[in-house]
Amino acid sequence: GVVNDLLKGPLAELFDDKQFITGVSGSGNNWAHGHHHYGPRYREELLEKVRKPAEESDSLQSFLLLHSLGGGTGSGVGTYILNLLEDEFPGVFRFAASVFPSQDDDVITSPYNALLALAELTEHADCVLPIENAALQDVCSRIADRFAK
């Protein structure tokens, strides 16, 4: 799956494999399924993955959530996590770098997922850094072209 590919790829050293929560195939491109089913189902596990590093921090100032808004997991579970962070760490800032779907996205539900997630972001994030998916792909392509030369 995606997680195994990531852990075997060139970026593997960036991630602590003990912090991954796996075992489900995703939220089926459905914000509500991620937010209302998988979020609550994995609530305690999510909190434990955040609580340990937060407690080890000398001066916790903020959280940064990087997520996609087009699918169900990034939009639904992502905004569920923001809500959890607000409840568990009310004095800590919550920043969200949110990747919005492109206009030509092939997932029919992505505009709905993004809209439902946006409502949650306005409620639970202190700052949202919007990123449009096609623009992000262009930046990554330019960087890859530079290294290919």
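Reading the values: rules and limits
- Residues numbered from 1 in each chain as written.
- Predicted model: local features only at pLDDT ≥ 70, side-chain atom pairs only at ≥ 80, totals over all residues.
- Heavy atoms only, no water.
- Helix = DSSP H or I, 4+ residues; strand = E, 2+ residues; numbered from the N terminus.
- Rg over C-alpha atoms; globule rule 2.2 N^0.38 Å.
- Buried < 20%, exposed > 50% of the residue type's maximum accessible area, 1.4 Å probe, protein only.
- Contact = heavy atoms within 4.5 Å.
- Areas by Shrake-Rupley, 256 points an atom, 1.4 Å probe, with all protein chains shown as cover.
- Lys, Arg positive; Asp, Glu negative; His and termini not counted.
- Charge placed at Lys NZ, Arg CZ, Asp CG, Glu CD.
- Polar contact = N/O pair within 3.5 Å; in protein donor to acceptor, adjacent residues only side chain to side chain.
- Phe/Tyr/Trp six-rings, centres within 6.5 Å; stacked < 30°, edge-to-face > 60°.
- Pairing = 2+ DSSP bridges.
- Right-handed = clockwise from strand over helix to strand, strands pointing away.
- Patch = residues over 30% accessible without salt bridge, like charges linked within 9 Å, V, L, I, M, F, W, Y side chains within 5 Å.
- Salt bridge = Lys/Arg side-chain N within 4 Å of Asp/Glu carboxyl O.
- Axes fitted to C-alpha atoms, helices over the stretch in contact; angles between N-to-C directions.

Undergrad: I would appreciate a short explanation of the overall build of the chain in the present structure.
TA: Across its full length, the chain holds six helices and three strands. Counting helices and strands in the order they occur from the N terminus, the chain gives α-α-α-β-α-β-α-β-α. Rg of the C-alpha trace for the chain: 16 Å, near the compact-globule value of 15 Å for 149 residues, within the 12% margin. Once the C-alpha set of the chain is aligned to its principal axes, its extents read approximately 45 × 35 × 30 Å. The burial tally for the chain puts 30% of its 149 residues in the buried class. By sequence separation, contacts in the chain at least 24 residues apart represent 78% of the contacts at least 6 residues apart. With an accessible surface of roughly 9800 Å², the chain has 55% of that area assigned to carbon and sulfur atoms. Charge-centre separation for the chain: the mean point of 11 positive side chains lies 5 Å from the mean point of 22 negative side chains.

Undergrad: What am I meant to see in the side chain of His-35 here?
TA: For His-35, the location among the structural elements is in helix 2 (residues 31-41). By relative accessible area, which is 6% here, His-35 ends up buried. A distance of 3.4 Å separates the side chain of His-35 from the backbone nitrogen of Tyr-80, its partner in a polar contact.

Undergrad: I would appreciate a short explanation of the packing of aromatic side chains in the present structure.
TA: Each aromatic ring pair is described using two quantities: the centre-to-centre distance and the angle formed by the ring planes. Following the criterion strictly, the structure yields four aromatic pairs and no others. A centroid spacing of 6.1 Å and a plane angle of 55° characterise the contact between Phe-15 and Phe-20, whose relative ring orientation is tilted. Residue classification places Phe-15 among the partly exposed residues on the basis of a relative accessible area of 38%. Taking relative accessible area as the criterion, Phe-20 reaches 22% and is therefore assigned partly exposed. On the basis of an interplanar angle of 45° and a centroid distance of 6.5 Å, the ring pair of Phe-93 and Phe-95 is categorised as tilted. What makes Phe-93 partly exposed here is its relative accessible area of 49%.

Undergrad: Could you clarify how one ought to interpret the pairing of strand 1 (residues 62-68) in this entry?
TA: What you see with strand 1 is a clean split: Phe-63, Leu-65 and His-67 sit on the buried side and Ser-62, Leu-64, Leu-66 and Ser-68 on the side with no burial. In terms of strand pairing, strand 1 meets strand 2 (residues 93-100) through seven bridges, oriented parallel. Following the sheet pairing, Phe-63 is matched in strand 2 by Arg-94. As for the winding sense of the linkage, the β-α-β connection from strand 1 through helix 4 (residues 72-88) to strand 2 is right-handed.

Undergrad: Explain a negative patch on the surface to me, please; I cannot follow it from the model alone.
TA: Taken together, the side chains of Asp-104, Asp-106, Glu-132 and Asp-138 make up a negatively charged region of the molecular surface. Inspection of the secondary structure assignment puts Asp-106 in the loop between strand 2 and helix 5 (110-124). In this structure Asp-106 comes out as exposed when scored by relative accessible area, which is 74%.

Undergrad: I tried to follow the sheet that holds strand 1 on my own but got confused; where do I start?
TA: Strand pairing within a sheet occurs via backbone hydrogen bonds; the two strands may be parallel or antiparallel. If you trace the three strands from one edge of the open sheet to the other, you get 1-2-3, paired in parallel fashion. Two strands close off the open sheet at either side, each with one partner strand: strand 1 and strand 3 (127-132). Across the sheet, the mean angle separating the axes of adjacent strands is 15° when strand polarity is ignored. Here helix 5 sits on the sheet in contact with strand 1, strand 2 and strand 3, set at roughly 160° to strand 2.

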